[in-house]
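Observations on chain architecture
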Amino acid sequence: MPRKPLIAANWKMYKTPVQSQEFMKLFLPLVANHGRDEIVVCPSFTSISVVIAAATGSGVAVGAQNMHFADEGAFTGETSPLMLKALGATHVILGHSERRQYFAETDEIINKKLKTALQHQLIPIVCVGEVLAEREAGKTEEVLLRQTRGVLAGITASEAVPIVIAYEPVWAIGTGKTATPQLAAEAHSVIRKEVANLLGAETAANLRILYGGSVKPDNATALMNEEEIDGALVGGASLDPQSFAKIVNY
Ligand code: PEP
């Protein structure tokens, strides 16, 4: 079974509900009947409902950018998987580098979130990736192995089926510096081999690994042409409907 590519928009902390609706109105006609790739839009929590309402019947799925690992509790300001499910969200981004960097998320926390997402049938898009200093010190592989092992700890092969991993070199996020397709493919292959070690060859062969980091309409095709690259997690370029549609229609 070939892996179906997945192209996800990460809107970060941008767009009010009205702006989100306007995006969907312009975006959906540009991807109507698009069946080749799975398309997922991840707005901020406050726009999830309106984006789901707009996307109904379109084939475009809607996800969150984060969630707590508990079902409920005294965690002021947090959002639980049950709340996301109740809205109709199907996907959730976990462990984005901005969550790791600014909100102190560790592999251990991300692993807990991943387990909860799986329990609630939310499709997790789990982010891993090295910072510039780690790449320059020749530690990319070490970092990817540590993060892959950490986020997948205690998860079995059968539980891992829905998991999507996003390789996002931190130095490429929002900087305009994209990893070359070859460099991204090398990193994906490090991750895939480690998943094979941990969970078996079949799980690894079926695992979708997305690339993220300054994906734009003009570099999407070259990245997606790489056998190892199964889709994209797109930040900045997903905020504009035409630009994100061009990426989806690479
Ligand atoms: C991201 O936010 O996951 C991302 C990859 O951002 P950008 O495309 O802007 O680099």
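Structure report, in brief. (Residues numbered from 1 in each chain as written. Predicted model: local features only at pLDDT ≥ 70, side-chain atom pairs only at ≥ 80, totals over all residues. Heavy atoms only, no water.)

Regarding the sheet that holds strand β2 (residues 38–42)
Read around the closed barrel, the 8 strands follow the order β1-β2-β3-β4-β5-β6-β7-β8; overall the barrel is parallel. Sheet twist, expressed as the average angle between the axes of neighbouring strands with direction ignored, equals 25 degrees. The sheet contact formed by strand β1 (residues 6–10) and strand β8 (residues 231–234) spans 4 bridges and is parallel. Note on β8: the bridge partner recorded for I7 is A232. Of the strands in this sheet, β1, β2 and β8 are in contact with helix α11 (residues 241–248), which crosses β1 at around 160 degrees. (Pairing = 2+ DSSP bridges. Helix = DSSP H or I, 4+ residues; strand = E, 2+ residues; numbered from the N terminus. Axes fitted to C-alpha atoms, helices over the stretch in contact; angles between N-to-C directions. Contact = heavy atoms within 4.5 Å.)

Things to note about the pattern of salt bridges
Here the structure, examined in full by the defined rule, presents 11 salt bridges. One salt bridge connects E194 with R149, and the closest N-O pair in it is separated by 2.8 Å. Linking E194 in helix α8 (residues 181–199) with R149 in helix α7 (residues 140–152), this pair joins segments that are 45 residues apart in sequence. Its relative accessible area of 7% is what places E194 among the buried residues. By relative accessible area, R149 is classed as partly exposed at 43%. The salt bridge involving R192 is made with D230; its shortest N-O contact spans 2.8 Å. With R192 in helix α8 and D230 in the loop between α10 (217–224) and β8, this residue pair connects regions lying 38 residues apart in the sequence. Neither R192 nor D230 differs from the other in exposure class; each is buried. Through salt bridges with shared partners, a single network forms among R3, R192, E228 and D230. (Salt bridge = Lys/Arg side-chain N within 4 Å of Asp/Glu carboxyl O. Buried < 20%, exposed > 50% of the residue type's maximum accessible area, 1.4 Å probe, protein only.)

A few points about the nonpolar core
Counting residues in hydrophobic clusters, the biggest one holds 63 residues, and the most contacted among them are F27, V60, I163, Y211 and F244. At 6 residues, the largest contribution of residues to this core is made by α8. Excluding residues within four positions of it along the chain, F27 makes contact with I39, V41, V60, P241, F244, A245 and V248. I93, I125, V164 and A166 belong to the second largest nonpolar core, which has 12 residues in total. (Core = buried A, V, L, I, M, F, W, Y, C linked by side-chain atoms within 4.5 Å.)

Section: the packing of helix α5 (residues 107–119) against α7
Here α5 crosses α7 at 40 degrees, and the two axes come no closer than 7 Å. Considering their axes alone, α5 and α7 lie oblique with respect to each other. α7 is crossed by α5, and the crossing has right-handed handedness. On α7, the residues touching D107, I110, N111 and L114 of α5 are R146, Q147, G150, V151 and L152. (Parallel < 35°, antiparallel > 145°, perpendicular 65-115°, else oblique. Left-handed = near helix turned anticlockwise from the far one by under 90°.)

Quick look at the environment of N10
Position of N10 relative to the elements: it lies in strand β1. Here the alpha-carbon distance between N10 and H96, two residues 86 residues apart in the chain, equals 9.9 Å. If we skip the residues at most four places from it in the chain, N10 touches C42, Q65, I93, H96, L233, V234, G235 and S238. Engagement of the side chain of N10 in a polar contact is seen with the backbone nitrogen of K12, the distance being 3.0 Å. (Polar contact = N/O pair within 3.5 Å; in protein donor to acceptor, adjacent residues only side chain to side chain.)

Notes on the side chain of S44
Inspection of the secondary structure puts S44 in the loop between β2 and α2 (48–55). When near neighbours in sequence (up to four residues on either side) are disregarded, S44 contacts K12, Y14, K15 and Q65.

Here's the deal with the site of the ligand
Taken together, the neighbourhood of the ligand is formed by 14 residues, with K12, E168, G174, S214 and G236 sitting nearest. For the ligand, an oxygen atom lies 3.0 Å from a polar atom in the side chain of N10. Within the side chain of K12, an N or O atom sits 2.8 Å from an oxygen atom of the ligand. Alone, the ligand offers 290 Å² of accessible surface; in the complex the protein occludes 98% of this. Tallied by class, residues from the shell around the ligand come to 4 nonpolar, 8 polar and 2 charged. (Near = heavy atom within 4 Å. Areas by Shrake-Rupley, 256 points an atom, 1.4 Å probe, with all protein chains shown as cover. Nonpolar A, V, L, I, M, F, W, Y, C, P; charged D, E, K, R; others polar.)

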